[in-house]
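Residue-level listing of the chains:
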Amino acid sequence: MALKGITVLEFAGLAPAPFCGMILNEFGATVIRIDKHGAQPFVQDTVGYGKKSLCINLKKAKGLSVMKNLANQSDVILEPFRKGVMEKLQLGPDVLCKSNPRLIYARLSGYGQDGPYSSMAGHDINYLGLSGILSLLGWRNRNPTPPCNLAADFGGGGLMCALGIVMALFERSKSGRGQVIDCNMVEGSAYLGSWLTRTQDTFLWDKPRGENLLDGGAHFYDTYETKDGRFMAVGALESQFYAQLLAGLGMTEEELPQHEVETGRAKLTEKFKEKTQAEWCEIFDNTDACVTPVLSLSQATSHPHNVHRGSFIPNRAGVVAPAPAPRLSRTPGTSKITEHNPAPGVHTREVLRHFGYSDANIEELIREDVIEETIEMNSKL
C-alpha cells in the first residue's frame, strides 16, 4: 500500500482530523488514536475503523514522557486543537520536531495558528462563512445555506490536511527533514473553492445567489421531482446535451428553448412528474443527456453502476461505507470498514509493546494511572 510503514499519532477529535486519519489509514499508514485518559469520545468515531487506540494521561509527567517517546519513533503527528493547546501540554512542534527532525507535525484547526480568530471556537458553518464560499450557496432570495458540514470539515479540513501530509512525506523522502503543516478550514475551504473565486467576473456568477448557471438559476441545471416523489438531476449545460434532454422528454427546441429559463423550469417541473424515477432512468440511462437519478445513501449502494465498480463496502453489521478513492493501480487503498472501530484504550498494551515497552513497564504505568487499558479484543499492530 502507498503509505505502508508510515506511523501516524492522531490526537482524538471530531470529524476533520479523524477523517484525515481514516484516509491515511486506508492507504496503508498505521494510525494510532491518542485518546484522553478516563474519557469516552463525545460521539462515536465512525471513521475510526482499523485504527489503534492508546489511552494516555497527559497531565502526568510520565504520560508526557511516553508521548514524546512515541513521537520520536513516529512519522506524523496529527492534532485537531486550537492554537496553544499542544504547547501547554509541552508537546508543540518546537519540542517534538526538535527531538525528531523527520517528524511531520500536522495542525488541523478552524482558523489557523495565528490571526485575530485563531483562539476562537467555531464549526463548519463559521469557517465556510469566513472563507467567502458560504455566500455563494443557497436559493435565491433566501439566506445562504450550509452544505451540512461537508465543505469545511471534510473537504477544506480533513482532505486538505491529508494532502499536506502526503506532500510533506514526499518532500521528506528527498530532504530527510520533516516540517509543520498549518492546515485550517477557512483557508482550506477557500482553496477548495478556487475555481469559484476565479470565475466571479464571468457569466457563470454575474447574478445574485441562486440565479446563476450552476447554482439553480438555469432550468437545465437543476433537480426535478418525479411521479413517485423522487428526483432527477439535470445537467444538460451544453447545447448538444440539451438536445438529448429534449429528445428524451419528447419535446422540441421550439417547445422548450434553452434560453427561456422561467418557462423552461415550469415545463420541466410539469414534465418530470409524468413518470417515475425508474421510468425516467430507462429513458436517459446510457445517453448523453446528463440526466441521472438523485439517490438516497441507501439507494446509491445498490445502483448497478456502483455495484459494478464495488464503490461501497458493507461491514459485519451491514453498515455500508464508500470504498477508498482515488484508485491506485498498484497500491490501492483498502477499506477498514470490515475491521473493528476501537474503543478508547483497547490497544494500549499492544501499542506500547510495539514501541518497545516491556510488560513490566506497562503494568507500572497502569498502576500509576499514566495509561489506561480497555479489554475488548485481540489484534496485531
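Criteria and cut-off values
- Residues numbered from 1 in each chain as written.
- Predicted model: local features only at pLDDT ≥ 70, side-chain atom pairs only at ≥ 80, totals over all residues.
- Heavy atoms only, no water.
- Core = buried A, V, L, I, M, F, W, Y, C linked by side-chain atoms within 4.5 Å.
- Buried < 20%, exposed > 50% of the residue type's maximum accessible area, 1.4 Å probe, protein only.
- Helix = DSSP H or I, 4+ residues; strand = E, 2+ residues; numbered from the N terminus.
- Contact = heavy atoms within 4.5 Å.
- Pairing = 2+ DSSP bridges.
- Phe/Tyr/Trp six-rings, centres within 6.5 Å; stacked < 30°, edge-to-face > 60°.
- Axes fitted to C-alpha atoms, helices over the stretch in contact; angles between N-to-C directions.
- Parallel < 35°, antiparallel > 145°, perpendicular 65-115°, else oblique.
- Left-handed = near helix turned anticlockwise from the far one by under 90°.
- Nonpolar A, V, L, I, M, F, W, Y, C, P; charged D, E, K, R; others polar.
- Salt bridge = Lys/Arg side-chain N within 4 Å of Asp/Glu carboxyl O.
- Arc of directions from axis to C-beta.
- Patch = residues over 30% accessible without salt bridge, like charges linked within 9 Å, V, L, I, M, F, W, Y side chains within 5 Å.
- Areas by Shrake-Rupley, 256 points an atom, 1.4 Å probe, with all protein chains shown as cover.
- Lys, Arg positive; Asp, Glu negative; His and termini not counted.
- Charge placed at Lys NZ, Arg CZ, Asp CG, Glu CD.
- Disulfide = S-S within 2.5 Å.
- Expected span 1.5 Å × (residues − 1).

(A) How the structure looks around the nonpolar core. Judged by nonpolar contacts, the single largest core of 28 residues is most densely connected at F11, L70 and L352. Listed by contribution, the elements that provide at least two residues to this core are strand 1 (7–11), strand 2 (30–36), strand 3 (52–56), helix 2 (61–72), helix 4 (93–99), helix 14 (348–354) and helix 15 (359–367). With five residues, the top contributor of residues to this core is helix 2. Each residue touching F11, except ones within four places of it in the same chain, is listed here: I34, L58, M67, I77, L78, E79, P80, F81, M86 and L91. The next biggest cluster of nonpolar side chains, apart from the first, holds 26 residues, and it includes F27, V47, I181 and C183.

(B) Highlighting the sheet that holds strand 12 (residues 371–372). One open sheet holds the seven strands; their spatial order is 6-5-4-1-2-3-12, and the pairing between them is mixed. Edge positions in the sheet fall to strand 6 (180–184) and strand 12, since each has one partner strand and no second. In terms of strand pairing, strand 3 meets strand 12 through two bridges, oriented antiparallel. For I56, the partnering residue across the bridge sits in strand 12 and is I371.

(C) Geometry of the packing of aromatic side chains. This structure, assessed with the given rule, holds eight aromatic pairs. Look at Y111 and Y117: their rings are 5.4 Å apart centre to centre, the planes differ by 90°, and that puts the pair in the edge-to-face class. By relative accessible area, Y111 is classed as buried at 12%. On the basis of an interplanar angle of 25° and a centroid distance of 5.9 Å, the ring pair of W280 and F284 is categorised as stacked. Here W280 pairs with F284, and both are found in helix 11 (residues 277–284), just four residues apart, close to one helical turn.

(D) Representation of the packing of helix 5 (residues 124–131) against helix 7 (residues 185–192) within the structure. At a minimum axis separation of 8 Å, helix 5 and helix 7 run at an interaxial angle of 60°. Taken together, the axes of helix 5 and helix 7 are oblique relative to one another. Crossing of helix 5 against helix 7: the hand is right-handed. Contacts from Y127, L128, L130 and S131 in helix 5 reach M185, V186, S189 and A190 in helix 7. When grouped by side-chain class, the residues that make up the contact of helix 5 with helix 7 number six nonpolar, two polar and no charged.

(E) Local environment of the pattern of salt bridges. Tallying each qualifying case throughout the model produces 17 salt bridges. In this structure, the salt-bridge partner of K62 is E368, at a minimum N-O distance of 2.9 Å. Of this pair, K62 sits in helix 2 while E368 sits in the loop between helix 15 and strand 12, placing them 306 residues apart in sequence. For the salt bridge of E373 with R349, the shortest nitrogen-to-oxygen distance reads 3.0 Å.

(F) Broad picture of helix 5. Burial in helix 5 covers these residues: D124, Y127, L128 and S131. In a view along the axis of helix 5, the buried residues occupy a sector of 95°, so they form one face of it. Packed against the buried residues of helix 5 are helix 6 (150–175) and helix 7. Taken from the residues just after helix 5, G132 is the one with a positive phi, measuring 95°.

(G) Quick look at the environment of A233. Along the chain, the position of A233 falls in strand 8 (residues 231–235). For A233, a relative accessible area of 23% gives the class partly exposed. Once residues within four sequence positions are removed from consideration, A233 is found in contact with D222, T223, C290, V291, T292 and V294.

(H) A look at a negative patch on the surface. A cluster of acidic residues, E225, D228, E279, E282 and D285, forms a negative patch at the surface. Overall, the relative accessible area of 37% leaves D285 in the partly exposed class.

(I) The arrangement of the state of the cysteines in detail. Taken as a whole and assessed by the stated rule, the structure comprises zero disulfides. Not part of a disulfide, C161 finds its nearest cysteine sulfur in C20, a span of 4.0 Å. For C161, a relative accessible area of 0% corresponds to the buried category.

(J) Focus on the pairing of strand 3. Within strand 3, five of the five residues are buried, which leaves it mostly tucked inside the rest of the structure. Burial along strand 3 is two-sided: K52, L54 and I56 facing one way and S53 and C55 facing the other are all buried. Direction of pairing for strand 2 relative to strand 3: parallel, over a ladder of five bridges. Residue I34 lies in a different strand from strand 3, and its bridge partner there is L54.

(K) Geometry of helix 2. Given a rise of 1.5 Å per residue, 12 residues ought to cover 16 Å, and the 17 Å separating the end C-alpha atoms of helix 2 matches this to within 8%. When we look at burial in helix 2, the residues that qualify are G63, L64, V66, M67, L70 and A71. Burial along helix 2 is one-sided: seen end-on, the buried residues are contained in an arc of 160°.

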